[in-house]
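Understanding the architecture of this molecule
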Amino acid sequence: MSGICGYFRQDGRHIEEQVFADMLFLLERQGPDDQAYWQNGSVALGHTLLKTTRESEHEAQPSTLDGKTWLTADARIDGRVELIAKLHSKDVTVSQSVTDDHLILHAYAVWGADCLEHLIGDFAFILWDEKQKQLFCATDHMGVSPLYSAQVRGGFLVSNNLTAIRAHPQISNVLNEQAIGDYLMFRLNFTPDSTSFRDIKKLPAGHSIIVNQDTMRMQQYWSVPKPDYKRRTQAQYLEEFGSLFKQSVADRMRTDSIGTHLSGGMDSTSITAMLAELRNEGGANDVNAYTHAPPIGRPNLEQPYAEAIAQKLNIPLRVFNGKDRVLANDIDGIADLPPEPSFAQRESPRFKIFADSASKSSSFFAGYGGDPLLSPMVGYWSDLRKSGQFGAHITDAVLHMKVHGRPPSQMLPAWMRPSKKKRGGMQSLPLPGWLNDEFAARNGLADQYRKYGGSADLNRDARIEMGTHPLWRRIFEWHSPSFSSLPVKVRFPFFDKRMVEWFQTVPPYPWLCRKYLLRAIMEGRLPKDVLERPKTGLPSNPLSAKVEQGGAPDWAKLIPSEGAINEFVDIKPFLDGIDGPKRLTDGDTSSIVRVSTLNHWLTRFDSLQEYLKGSEARLQNYKLRK
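The shown structure was predicted, so the numbers you read here are calculated from the model rather than taken from an experiment.

What counts and what doesn't
Residues numbered from 1 in each chain as written. Predicted model: local features only at pLDDT ≥ 70, side-chain atom pairs only at ≥ 80, totals over all residues. Heavy atoms only, no water. Helix = DSSP H or I, 4+ residues; strand = E, 2+ residues; numbered from the N terminus. Rg over C-alpha atoms; globule rule 2.2 N^0.38 Å. Contact = heavy atoms within 4.5 Å. Lys, Arg positive; Asp, Glu negative; His and termini not counted. Charge placed at Lys NZ, Arg CZ, Asp CG, Glu CD. Polar contact = N/O pair within 3.5 Å; in protein donor to acceptor, adjacent residues only side chain to side chain. Buried < 20%, exposed > 50% of the residue type's maximum accessible area, 1.4 Å probe, protein only. Arc of directions from axis to C-beta. Phe/Tyr/Trp six-rings, centres within 6.5 Å; stacked < 30°, edge-to-face > 60°. Lys NZ or Arg CZ within 6 Å of the ring centre and 35° of its normal.

**Regarding the overall build of the protein chain**
The helix and strand inventory of the protein chain stands at 26 helices and 18 strands. In terms of overall dimensions, the protein chain is globule-like: its C-alpha atoms have a radius of gyration of 25 Å, near the 25 Å expected for 626 residues. Along the longest, intermediate and shortest principal axes, the C-alpha atoms of the protein chain span 70 × 65 × 50 Å. Restricting to contacts in the protein chain with at least 6 residues of sequence separation, those with at least 24 account for 72%. Side chains of the protein chain give 75 positive and 73 negative charges; the mean places of these two sets differ by 5 Å.

**Focus: the side chain of histidine 168**
Along the chain, histidine 168 falls in the loop between helix H4 (162–165) and helix H5 (177–186). Of note is the side chain of histidine 168, whose polar atom sits 3.1 Å from the side chain of tyrosine 7. Apart from the residues within four sequence positions on either side, histidine 168 is in contact with Tyr7, Glu16, Val19, Val152, Leu157 and Gln609.

**Observations concerning helix H8 (residues 303–313)**
Listed in full, the buried residues belonging to H8 are Gln303, Ala306, Ile309, Ala310 and Leu313. Along H8, the residues classed as buried sweep out an arc of 125° about the axis, all on the same side. Tucked inside the fold, the buried residues of H8 contact helix H7 (267–280), strand E14 (286–292), strand E15 (317–320) and helix H21 (528–531). Residue asparagine 314 follows H8 closely and has a positive phi angle near 60°.

**Notes on the packing of aromatic side chains**
Across all of its chains, the model carries 35 aromatic pairs by this definition. Relative to tyrosine 611, the ring of phenylalanine 25 lies with its centre 5.9 Å away and its plane at 40°, an arrangement referred to as tilted. Of the two residues, phenylalanine 25 sits in helix H1 (residues 17–27) while tyrosine 611 sits in helix H26 (residues 608–613), which places them 586 residues apart along the sequence. Taken together, the ring pairs in this structure connect Tyr237, Phe241, Phe245, Phe494, Trp502, Phe503, Trp511 and Tyr516 into an aromatic cluster. When the ring centre of tyrosine 305 is taken as reference, the NZ or CZ atom of arginine 533 above it lies at 4.2 Å.

**Looking at the side chain of threonine 69**
With respect to the element layout, threonine 69 can be found in strand E5 (residues 69–77). We classify threonine 69 as buried; its relative accessible area is 12%. Those residues within four positions of threonine 69 in sequence are excluded, and the remaining contacts are Ser63, Thr64, Leu105, Tyr108, Leu127, Trp128 and Asp129.

Structure follows, in structure tokens:
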């Protein structure tokens, strides 16, 4: 993820050069390959380059085509062949090797702000239009590439790294209590346009902003479409999905060395198989796979499958075991501190995997999104009955019998299904008693907790939520270089606009039951036991396992009863609830991690300005584009 930033003085004054130099300085780790800026009086754009594609070897951002429109972008534009063909039809001549930033500039030159109707991929960009005297900023359809902004007196700041915006002295350290409350309760923020800081906003997925001297206008340019089922033959489904999936992985490859997560399930495994196939077709020279083995004494459910897959695909596999210092205070200073409280710790096996992969490649593939994309929508059969579509109900049930050899388990009304245990109604979980009473009352946390049933689980419209649920935005952020401080960009092939839209036309039964389409196109590519393996959950969380193995740590020392954490948590009842010989529940361990990571972050986050004073950042240290 290249670092990008922009500063527009709407009052017409020159930007403060030291502020902009500090912003670039804070983006250096995101873009170690090149750092540069462009400035024209009251507006400046900055870029720190992380090369993640072959084309990016030739990028020189901020960039322009005509000296009037300037761009800084963290972008990987997909569907390049189709987009270039569209541009050719508009008498725009570009080569197949054109850089992604120039594709955006050409698209804007042809379609203006409507260029977003023609761009797909993972992108966040900041564009200055000199003729219109305005900034045009956007983030991609599902928000894989984040973008943050803030208003200051007479000006507007924007960046894909929240900390860079905090470099401006007018941005206060005042926290957004709603976001802090959501983190403690759910580990994420349910308000799509807010951050942990009162003064800083986040651009929701599929949105753009236009800022001129007088106004700021945000608008949504895309959302996941509602289901519109198109019935086709089995061969057509397999051919179309197989082509889309391969294209999604290929578009994200575009480099000579790749790292990938490899579990024993279907999602990351199918991505790895496609990477190996594309490698053999000349897509890359190296594909390196990684898997995580659980702590000693825990069932190792993934490693044997991962090893069999790696052997079949002829790719190297590195296994990272669960011996990690859970809850270690592993960040000493502001340089490595995540921009917001982070559930993902640097001492976790996942972080170690990223660090090892970053030493070989700047691109890493992850299987997130397979479950919501490839699984049936909850309530499908009842929706058919309620809407009177009895013909489709019968047709899909018969087809399901033909494909799977048994009737769909969810076809009958709930009261007619056999059940070993009668289920009661949904219960409202009580608000955790360790939250500070005044803080909870001031922010309506009890109502918020009841609203979401005490968890951040995804709901029935899983594919719709791929573009809206805050869990996915949080996962994208946690995997970004701005959080990890590692020069590696994580790719999420299942979060592909083309596939999401296509799957909204696929009847869930029989094609999505047990991820049928994915298993079908992977036949022959993966071992048979992997294709037939049912979905398996993880056996335990690492903190619970560590406590069982070595005993509980000194919780009071780990989470002190003094400091800023007391504004949000009553430490004594919190410690009383987890102390003693009882076995820690999943709820206990989740609460411990949230409270301890928030406490660790609160002790350091407000030292940014002091850190910048010692940095000696100067605008003259960076290249000036002309």
